[in-house]
Amino acid sequence: MTISVKPLDGPLGAEISGLDVRNITAEDSKALLDAFNAYHLLILHGPTITDAELVDLGRCFGHIEKARVKSPLSDRDDIMVISNIRQNGELVGSLPDGEMSYHFDRIHQAQPCKGAALHGLEIPVEGGDTCFANMVRAYETLPEATKQRIEGLKALNTFTYGATKRDGKTDELGPHAIHPLVRRIPETGKRALYVCRLMTDHIVGMPEEESAALLTELCDHIEFSGLIYQHRWSVGDIVIWDNRCTSHARTDFSDKERRLMKRVTIGDTVPPLQ
Ligand code: SIN
């Protein structure tokens with residue numbers, strides 16, 4: 001059976017059906033990669049799958065990177081557990097707290113990741129949605145004058161472990177990397193805006209106030225111009241995103257409710273191109 005790819009009625013994304021994750025053929029793998037490049041975000045509904053199956057699915061898009069922290073909820077070091085659950089008083093996963101601002105995974109590294117696949121296992125009754133912004137559209141819909149203004153600029157992106165909002169970051173410069181404000185996606189030649197509210201600290205070589213104002217203008221454009229798809233999770237869903245041309249955020253949820261997700265991180269082989 002061949003898989004079916006149904007574009008969402010929105011700014012990005014496609015729903016995939018007909019895939020047998022226990023038996024992904026070379027033909028399926030190619031169709032998934034083509035859909036990933038075309039729609040930036042893939043959504044699969046289904047029964048929950050094993051960690052090994054999630055890793056196999058992730059491999060359709062590239063090599064799998066290790067998780068930063070190993071969790072007691074997986075015996076694999078390439079499964080990142082994202083959860084607020086505690087065992088014996090200790091958190092079993094990363095990113096436990098509610099709302100998270102828009103970010104790109106691992107943008108603070110010289111080589112950020114290409115994408116990720118996130119699998120929903122326990123979902124709060126309310127909130128904890130993951131929101132995705134189409135960064136190709138974000139670039140394309142900028143005013144021409146802004147496109148010219150940001151051409152050739154670079155920004156410094158930082159990471160403060162555990163910070164989920166910009167005001168939760170410390171002043172100390174943590175791991176960081178400088179990347180172009182606009183990056184080209186090798187497979188499509190399209191250009192994508194590459195800044196985010198959570199991790200982009202400042203524009204290199206620009207006076208502080210001017211840089212802060214320009215970043216706010218760009219982030220407002222990304223978040224408030226109809227470029228967002230908001231995913232309301234059901235148990236068993238898998239969402240796969242292209243981390244080069246989407247940024248993502250999470251809505252708030254109650255700390256009284258359990259949320260358990262497992263993620264594989266898909267590695268890239270080329271740093272962000274100008
Ligand atoms: C992430 O940023 O990878 C986590 C998103 C989520 O928990 O919904």
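The structure contained in this document is the topic of the report that follows. Model, not experiment: these values are computed from the prediction.

What follows is about the overall build of the protein chain. Per the secondary structure count, the protein chain includes five helices and 19 strands. In terms of overall dimensions, the protein chain is globule-like: its C-alpha atoms have a radius of gyration of 18 Å, near the 19 Å expected for 274 residues. Projecting the C-alpha coordinates of the protein chain onto the three principal axes gives extents of approximately 50 × 45 × 30 Å. Residues counted as buried form 54% of the 274 residues belonging to the protein chain. Restricting to contacts in the protein chain with at least 6 residues of sequence separation, those with at least 24 account for 78%. For the protein chain, the exposed surface amounts to about 12,400 Å²; the carbon and sulfur share of it is 50%. Taken together, the 31 basic and 40 acidic charged side chains of the protein chain have centroids lying 3 Å from each other.

The four strands lie next to each other as E8-E18-E10-E16, forming an open sheet whose pairing is antiparallel. In this open sheet, the two strands that pair with only one neighbour each are strand E8 (100–103) and strand E16 (228–231). Shown here is a sheet whose adjacent strand axes are inclined to one another by a mean of 15°, direction ignored. Bridge count for E8 against strand E18 (residues 246–250) is two bridges, and the pairing is antiparallel. Its bridge partner being in E18, methionine 100 is matched across the sheet by arginine 250.

Our focus in this paragraph is helix H2 (residues 51–58). Counting buried positions along H2 yields six of eight residues, so the element is predominantly enclosed. Listed as buried for H2 are Asp51, Glu53, Leu54, Val55, Leu57 and Gly58. Buried residues along H2 sit against helix H1 (26–39), strand E3 (41–44), strand E4 (64–65), strand E9 (115–122), strand E17 (238–242) and strand E19 (260–266).

Our next topic: the site of the ligand. Taken together, Ile82, Leu95, His103, Asp105, Leu118, Thr130, Trp241, His248, Arg250, Arg259 and Arg263 are the residues near the ligand. Separating an oxygen atom of the ligand from a side-chain N or O atom of threonine 130 is a distance of 2.6 Å. Taking arginine 259, its side chain carries an N or O atom lying 2.8 Å from an oxygen atom of the ligand. Contact with the protein chains hides 100% of the accessible area of the ligand, taken as 260 Å² for the molecule alone. Partitioned by chemical class, the residues of the shell around the ligand number four nonpolar, three polar and four charged.

Going through the model one piece at a time under the given rule, you end up with 18 salt bridges. Residue glutamate 65 is joined to arginine 106 by a salt bridge in which the shortest nitrogen-to-oxygen separation is 2.5 Å. Here glutamate 65 is found in strand E4, whereas its partner arginine 106 is found in the loop between E8 and E9, with 41 residues between them in sequence. Judged on exposure class, the residue glutamate 65 and its partner arginine 106 are both buried.

A few words now on the nonpolar core. Ranked by size, the top nonpolar core spans 32 residues in total, and within it Ile150, Leu181, Leu193 and Leu218 carry the most contacts. Listing elements by their share of this core, those giving two or more residues are strand E10 (130–134), helix H3 (135–140), strand E14 (191–193) and helix H5 (208–223). Apart from the residues within four sequence positions on either side, leucine 193 is in contact with Phe104, Met135, Ala138, Tyr139, Leu142, Ile150, Leu181, Val182, Leu218 and Ile222. By size, the runner-up hydrophobic cluster in this structure holds 27 residues, among which are Leu44, Leu57, Ile64 and Ala117.

Before going further, it helps to spend a moment on the packing of aromatic side chains. Overall, the coordinates contain three aromatic pairs when judged by the stated rule. Seen in terms of ring centroids, phenylalanine 132 and tryptophan 241 are 5.3 Å apart; in terms of plane orientation they differ by 50°. Their pairing is tilted. With phenylalanine 132 in strand E10 and tryptophan 241 in strand E17, the pair connects residues that are 109 residues apart, well separated along the chain. When sorted by exposure, phenylalanine 132 lands in the same class as tryptophan 241, which is buried. The residue whose ring lies beneath arginine 183 is tyrosine 194, and the NZ or CZ to ring-centre distance is 4.7 Å.

Criteria and thresholds
Residues numbered from 1 in each chain as written. Predicted model: local features only at pLDDT ≥ 70, side-chain atom pairs only at ≥ 80, totals over all residues. Heavy atoms only, no water. Helix = DSSP H or I, 4+ residues; strand = E, 2+ residues; numbered from the N terminus. Rg over C-alpha atoms; globule rule 2.2 N^0.38 Å. Buried < 20%, exposed > 50% of the residue type's maximum accessible area, 1.4 Å probe, protein only. Contact = heavy atoms within 4.5 Å. Areas by Shrake-Rupley, 256 points an atom, 1.4 Å probe, with all protein chains shown as cover. Lys, Arg positive; Asp, Glu negative; His and termini not counted. Charge placed at Lys NZ, Arg CZ, Asp CG, Glu CD. Pairing = 2+ DSSP bridges. Axes fitted to C-alpha atoms, helices over the stretch in contact; angles between N-to-C directions. Near = heavy atom within 4 Å. Polar contact = N/O pair within 3.5 Å; in protein donor to acceptor, adjacent residues only side chain to side chain. Nonpolar A, V, L, I, M, F, W, Y, C, P; charged D, E, K, R; others polar. Salt bridge = Lys/Arg side-chain N within 4 Å of Asp/Glu carboxyl O. Core = buried A, V, L, I, M, F, W, Y, C linked by side-chain atoms within 4.5 Å. Phe/Tyr/Trp six-rings, centres within 6.5 Å; stacked < 30°, edge-to-face > 60°. Lys NZ or Arg CZ within 6 Å of the ring centre and 35° of its normal.

The values reported here are purely geometric and, on their own, carry no functional implication.
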